[in-house]
Structures are given as C-alpha cells and as structure tokens.
Amino acid sequence: RLLSALRRWCDIAGKRLSGLGLAAEGRVLRAVLYVYHSRLLRHRPYLALQQVEQCLKRLWKMNLVGCLEILVELIPKKKASEAYGECLVPSQPMLETVALKVLGACKLILRLLDCCCKAFLLSVKHLCLKEFILLNTVASGLLSRLWFVIQYRCVLQTLTSLYSALSTMLHLVSETQQTPYIKGFTFPSDISDFLGVNVSSEAKKQKAKMLTTKKSTSWMKKLFPAMPEAVSKVGKKRKSETCTSAMKNRSIPCPVDIGERVV
C-alpha cells in the first residue's frame, strides 16, 4: 500500500513539474530578459525578473523529474508473493537522495513564489510611474501567469505530499536495514517545520497582496483611459455591420477572434 502511494505521488509530481505551462513561462521569461539586457541593467523590476529566472534555472538543474523517474522504476509494479511476506523496495540511499531533492525543491519554489510576488509589485509600481510601459506590462502579465501556474497546478502541495510518503517509506526501510548515505542531516518528519511556513496560508497572503495592489492602483485605467461614448458607439456599429455583411456573403467567415495562436 505504501509503495503504491509513493509511486502515485511520484507520477503526479513528475507530471506537474514537467508541465507545458511552467516550461513555456520560463522560455518567455528568458526571452524577455535577453531582449532588455543591454537597456535595463539598473532597472529594479528587471533585476527582480533576474531573481525569478535564477530560481527557475536552479529548479531545472536539480533534475528532480529524472530522479523521480528512476525511483518509480525501482518500485515493483506487482505485489510480492504473500507466502514469503517479502517485497522489493528502493534502497535507503536512493530514498534519502530523492527526499533531499524534494526538500530543496520545496525551498526553491517558496523562494520563486516570493520573488514573483515582489517583482510583480515592482512592475506595477513602475507602471504607475509610466516608466518602461511595454516591459512592465509584459512583466506583470508574465509574473502573474507564472505564479498562477505554480499555484493552480498545486506543485508545492504535491511535493509536500510526496515528501510525506517518502518519509514514511524511509523510516520503515531504515528500521529494516540501516544503510545511511547522507550523514550529518536529520530528515524532518513534518516538512512544514523545515520550510518554516504554512504552504496554504503563505499562498493566500501572496494572492491577497497582489490582488490588493492591482485594485488600489488601477494602473490600466490610468494608462488606457476610457473611450469616449460617441467613439465606442461608432465602433460597435461598424463591428455589427461587418458581421452582418459577412453572414450574407458566406464565403467570408464572421471574425470571432482577431488574434492568432502563437507557437
């Protein structure tokens, strides 16, 4: 039962870490930093973006997904024969290595979320000051999406559940046959004590801070004032006329979306 739970959490964590959303946001972030590198070396939101990119880079270099795949291969799929009451399990060094990487990944993701929140607040602040409007608009959208991808896919919560399964298995394996690999470090039984914060409450605090900032500044209204009523009526009239003429001539489709997907 414990082995099947460990396998399931390894699969879930691997899929959520290797998801397309997180990788895509990382590529966009690197592209933005590359474009603005020579012009904004001393700009505070740009420096904050560099910290976010550094956390992402360290997270990928850990190769946690590869370690989880190796661990899943070591877990037997079929149950051992009940006649002998024995079962193959991963070794203590392997479990300790993966558990240590999971702890480090949780710390990095907490730091990443904190950097995203700080960089977002800086971008909105400089956007209200009408400084580097294009960069700060792109940065605020990018950071909010990156923060949302990590929270929506529950990456941190999944890793904490994975560590709980790893800790239980590690305790049983070490009781059976002690072969410690990592010395001088005591693995915590509760990951919240190691992280120093409650994961769910910390996420709620950051979300409230970001939403309050967006609401109080209303920077979009300052930069893009409301369209005059007469102009908006003319625009709506032209749009309805275009759709009507397109419906009459069926060879021309009605323009539903003005944008195209960018690969």
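These figures come from a predicted structure and were not determined experimentally.

## Observations concerning the packing of helix H2 (residues 20-35) against helix H6 (residues 133-152)
So, step 1. Here H2 crosses H6 at 155 degrees, and the two axes come no closer than 10 Å. With respect to each other, H2 and H6 are oriented roughly antiparallel. For the element pair H2 and H6, the recorded crossing hand is left-handed. Where H2 abuts H6, its residues Gly21, Leu22, Glu25, Val28, Leu29 and Val32 lie against Leu135, Val138, Leu142, Arg145, Leu146, Val149 and Ile150.

## A closer look at the packing of H2 against helix H3 (residues 44-61)
So, step 1. It is at 10 Å that the axes of H2 and H3 come closest, and there the two elements cross at 135 degrees. With respect to H3, the element H2 is oriented oblique. H2 and H3 meet at a crossing whose hand is left-handed. The residues of H3 that touch H2, namely those facing Leu22, Gly26, Leu29, Arg30 and Leu33, are Tyr46, Leu49, Gln50, Val52, Glu53, Leu56 and Trp60.
So, step 2. Tallied by class, residues from the contact of H2 with H3 come to eight nonpolar, two polar and two charged.

## Re the side chain of Ser174
So, step 1. Tracing the backbone through its elements, the reader meets Ser174 in helix H7 (residues 155-176).
So, step 2. From its side chain, Ser174 meets the backbone oxygen of His171 in a polar contact 2.9 Å long.

## Description of the nonpolar core
So, step 1. If you look at the biggest cluster of nonpolar residues, it comprises 66 residues, and the most contacted ones within it are Leu6, Val52, Val102, Leu159, Leu162 and Leu166.
So, step 2. Those elements giving two or more residues to this core turn out to be helix H1 (2-17), H2, H3, helix H4 (64-74), helix H5 (92-128), H6, H7 and helix H8 (191-195).
So, step 3. A per-element tally of this core places H5 first, with 19 residues.
So, step 4. Among all residues touching Val102, those that are not within four sequence positions of it are Leu64, Leu159, Leu162, Tyr163 and Leu166.

## Here's the deal with the environment of Ser140
So, step 1. Along the polypeptide, Ser140 turns up in helix H6.
So, step 2. On the basis of relative accessibility, which here comes to 4%, the residue Ser140 falls in the buried class.
So, step 3. Polar side-chain contacts of Ser140 include one of 2.9 Å to the backbone oxygen of Thr137.

## A closer look at H1
So, step 1. Between its first and last C-alpha, H1 extends 22 Å over 16 residues, near the 22 Å set by a 1.5 Å rise per residue.
So, step 2. Every buried residue belonging to H1 is among Leu3, Leu6, Arg7, Cys10, Ala13, Gly14 and Leu17, and all of these are buried. Around the axis of H1, the buried residues are gathered within 135 degrees of arc, so they sit on the same side.
So, step 3. Looking at the buried side of H1, the elements it contacts are H2, H3, H4, H5 and H7.

## Structural notes on unusual backbone geometry
So, step 1. Even without glycine at this site, Asn63 takes up a positive phi of about 55 degrees.
So, step 2. Mapped onto the secondary structure, Asn63 falls in the loop between H3 and H4.

## Quick look at the pattern of salt bridges
So, step 1. Under the counting rule described, the total for this entry stands at three salt bridges.
So, step 2. Between Glu25 and Arg145 there is a salt bridge, with its nearest N and O atoms 3.1 Å apart. Placement of Glu25 in helix H2 and of Arg145 in helix H6 is noted, with a sequence separation of 120 residues between them.
So, step 3. Here Glu25 falls in the buried class, since its relative accessible area comes to 10%.
So, step 4. Residue Arg145 is classed as partly exposed on the basis of its relative accessible area of 40%.
So, step 5. Between Lys118 and Asp114 there is a salt bridge whose closest N-O contact spans 3.3 Å. You can see Lys118 and its partner Asp114 sitting in helix H5, four residues apart, about one turn around the helix.
So, step 6. By relative accessible area, Lys118 is classed as partly exposed at 49%.
So, step 7. Residue Asp114 is classed as partly exposed on the basis of its relative accessible area of 24%.

Cut-off values and rules
Residues numbered from 1 in each chain as written. Predicted model: local features only at pLDDT ≥ 70, side-chain atom pairs only at ≥ 80, totals over all residues. Heavy atoms only, no water. Axes fitted to C-alpha atoms, helices over the stretch in contact; angles between N-to-C directions. Helix = DSSP H or I, 4+ residues; strand = E, 2+ residues; numbered from the N terminus. Parallel < 35°, antiparallel > 145°, perpendicular 65-115°, else oblique. Left-handed = near helix turned anticlockwise from the far one by under 90°. Contact = heavy atoms within 4.5 Å. Nonpolar A, V, L, I, M, F, W, Y, C, P; charged D, E, K, R; others polar. Polar contact = N/O pair within 3.5 Å; in protein donor to acceptor, adjacent residues only side chain to side chain. Core = buried A, V, L, I, M, F, W, Y, C linked by side-chain atoms within 4.5 Å. Buried < 20%, exposed > 50% of the residue type's maximum accessible area, 1.4 Å probe, protein only. Expected span 1.5 Å × (residues − 1). Arc of directions from axis to C-beta. Salt bridge = Lys/Arg side-chain N within 4 Å of Asp/Glu carboxyl O.

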